[in-house]
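# Examination of the molecular architecture
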Amino acid sequence: MPPATPELISPRSARVAAARRLAKRNFRGKDRLFLAEGPQAVREAAAHRTPGGDAALVELFATVEAAERYADIVGEARAAGARIHLAADEVIADISTTVTPQGLVGTCRFLDTPFEEVLAARPRLVAVLAHVRDPGNAGTVLRCADAAGADAVILTDASVDLYNPKAVRASVGSLFHLPVAVGVPVEQAVAGLKESGVRVLAADGAGADDLDDELDRGTMGGPTAWVFGNEAWGLPEETRDLADAVVRVPLHGKAESLNLATAAAVCLYASARAQRARGGCRSGTAG
């Protein structure tokens, strides 16, 4: 059998241009599509189904070498109904937003869940990203929430775009694992969660309450939402005032502070442990 040859060889083709423009937020919003790069994200996109039953993955661009290396993923994409395009290396480089592309780039349908549906599911653990502007941080917190077994993530209207390519990459596929509501005003998010019986905790280094004390008092076993703020200046006073409590992560060493993603992981896992006190957690490995 002769070796496969790419069908898309020009970055100027209409098909490539349509995918490339999804790197910009206004085109993502118009098309309601976003880019997912790399084997892990593409595999998750092929497996994920929208509420209407469609696969999240719409189209897959792959170099010949990547299509051979990840033949199983390409097969899953094809089985999910995605259009498959073998593309020249320069085409993948043109579509990709990474410095060293892995040879697979998918276009995917938007995945966000209406806030009302998040509340209707009676969540027990929620991460609320208020004023989080860095896409890498947003994606990493989403990954932490997924690993901790959270039921949902909420990005407020003051936070970064969920579908920013850097946020998608940083989530390492977790974007496809749990409901995410976007564009919710923080006041609406907190009020809705409280009305649904969820205790809302604001994570802030200057908080009056200590995370260890919260755990010792046994107050974290119920439904809980953690509100995380901006990477540089934390949560504004008006947002802290909305919460049931403002909680700080104790610093037992000499570190000045924790970065956003680390603090989020500590808080979410503390809640997950408290909520599973009578059960057990599935194990995982760092990656």
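Not measured: the values here are computed from a predicted model.

Topologically, alanine 206 is positioned in the loop between β8 (199–203) and β9 (209–210). Each C-alpha atom, one on alanine 206 and one on valine 184, is 25 Å from the other, the two residues being 22 residues apart in sequence.

Right, let's talk about a negative patch on the surface for a bit. A cluster of like negative charges, contributed by Asp157, Glu187, Glu237, Glu238 and Asp241, occupies part of the molecular surface. Relative to the elements of secondary structure, aspartate 157 occurs in the loop between β6 (152–156) and α9 (165–171).

Below, the discussion takes up helix α8 (residues 135–147). The terminal C-alpha atoms of α8, which comprises 13 residues, lie 18 Å apart, in line with the 18 Å expected from a rise of 1.5 Å per residue. By the criterion of burial, α8 is predominantly enclosed, with 10 of the 13 residues buried. Of all the residues in α8, the buried ones are Pro135, Gly136, Asn137, Ala138, Gly139, Val141, Leu142, Cys144, Ala145 and Asp146. Contacts from the buried residues of α8 go to β5 (125–129), β6, α9, β7 (180–184), β10 (224–228) and α13 (260–275). Taking the backbone nitrogen of glycine 136 as reference, a side-chain oxygen 3.0 Å away marks aspartate 134 as the first, capping residue of α8.

Taken together, four strands build an open sheet; the order of strands is β1-β4-β2-β3 and the sheet is mixed. At either margin of the open sheet sits one strand with a lone partner, and together these are β1 (33–37) and β3 (83–86). Between one strand axis and the next, the sheet turns through 20° on average, direction left out of account. Bridging between strand β2 (residues 57–62) and β3 involves four bridges; their strand directions are parallel. Within β3, the position partnered with glutamate 59 by the bridge is arginine 83.

Once that is clear, we can look at the side chain of histidine 85. Here histidine 85 lies in strand β3. Given a relative accessible area of 11%, histidine 85 falls into the buried group. At a separation of 2.6 Å, a polar atom in the side chain of histidine 85 contacts the side chain of glutamate 59.

Strand order in the open sheet formed by seven strands is β7-β6-β5-β10-β8-β11-β9, and the pairing between neighbours is parallel. What marks the edges here is a single partner per strand, and that holds for β7 and β9. When β8 meets β10, the two strands line up parallel, connected through four bridges. Residue valine 200 lies in a different strand from β10, and its bridge partner there is alanine 225. Against the sheet, α8 makes contact with β5, β6, β7 and β10, and its axis sits at roughly 175° relative to β5, the strand it touches most.

Let us now look at the environment of aspartate 54. Mapped onto the elements, aspartate 54 comes out in the loop between α3 (39–47) and β2. Sequence separation of aspartate 54 and lysine 24 is 30 residues, and the distance between their C-alpha atoms is 24 Å. Excluding its chain neighbours within four sequence positions, the residues that come into contact with aspartate 54 are His48, Arg49 and Arg109.

This brings us to the packing of α3 against helix α5 (residues 71–79). Two numbers describe how α3 lies on α5: the axes approach to 9 Å, and their chain directions differ by 30°. In terms of axis orientation, α3 runs roughly parallel to α5. Between α3 and α5 the crossing geometry is left-handed. Mapping the contact onto sequence places Pro39, Val42, Arg43 and Ala46 in α3 and Asp72, Ile73, Glu76 and Ala77 in α5. When the residues that make up the contact of α3 with α5 are grouped by side-chain class, the tally is five nonpolar, no polar and three charged.

It is worth spelling out the pairing of β8 at this point. Buried residues dominate β8, accounting for four of its five residues. One ladder, built from three bridges, connects β8 with strand β11 (residues 245–248); its direction is parallel. The residue bridging alanine 202 from the neighbouring strand is valine 246, located in β11.

Turning our eyes to something else, we now look at the packing of aromatic side chains. Overall, the coordinates contain five aromatic pairs when judged by the stated rule. What links up through ring pairs into an aromatic cluster is the set Phe34, Phe110, Tyr163 and Phe176.

For the rest of this paragraph, the subject is the packing of α8 against α13. The geometry of a pair of packed helices is captured by two quantities: the angle between their axes and the separation between those axes. At a minimum axis separation of 9 Å, α8 and α13 run at an interaxial angle of 20°. Classified by the angle between their axes, α8 and α13 sit roughly parallel to one another. In the packing of α8 onto α13, the handedness of the crossing is right-handed. Note on element contacts: α13 touches α8 through Leu260, Ala261, Ala264, Ala265, Leu268 and Tyr269, opposite Asn137, Thr140, Val141, Cys144, Ala145 and Ala147. A breakdown of the residues in the contact of α8 with α13 according to their chemical character gives 10 nonpolar, two polar and no charged.

Procedures and definitions
Residues numbered from 1 in each chain as written. Predicted model: local features only at pLDDT ≥ 70, side-chain atom pairs only at ≥ 80, totals over all residues. Heavy atoms only, no water. Helix = DSSP H or I, 4+ residues; strand = E, 2+ residues; numbered from the N terminus. Patch = residues over 30% accessible without salt bridge, like charges linked within 9 Å, V, L, I, M, F, W, Y side chains within 5 Å. Areas by Shrake-Rupley, 256 points an atom, 1.4 Å probe, with all protein chains shown as cover. Salt bridge = Lys/Arg side-chain N within 4 Å of Asp/Glu carboxyl O. Lys, Arg positive; Asp, Glu negative; His and termini not counted. Charge placed at Lys NZ, Arg CZ, Asp CG, Glu CD. Expected span 1.5 Å × (residues − 1). Buried < 20%, exposed > 50% of the residue type's maximum accessible area, 1.4 Å probe, protein only. Contact = heavy atoms within 4.5 Å. Polar contact = N/O pair within 3.5 Å; in protein donor to acceptor, adjacent residues only side chain to side chain. Pairing = 2+ DSSP bridges. Axes fitted to C-alpha atoms, helices over the stretch in contact; angles between N-to-C directions. Parallel < 35°, antiparallel > 145°, perpendicular 65-115°, else oblique. Left-handed = near helix turned anticlockwise from the far one by under 90°. Nonpolar A, V, L, I, M, F, W, Y, C, P; charged D, E, K, R; others polar. Phe/Tyr/Trp six-rings, centres within 6.5 Å; stacked < 30°, edge-to-face > 60°.

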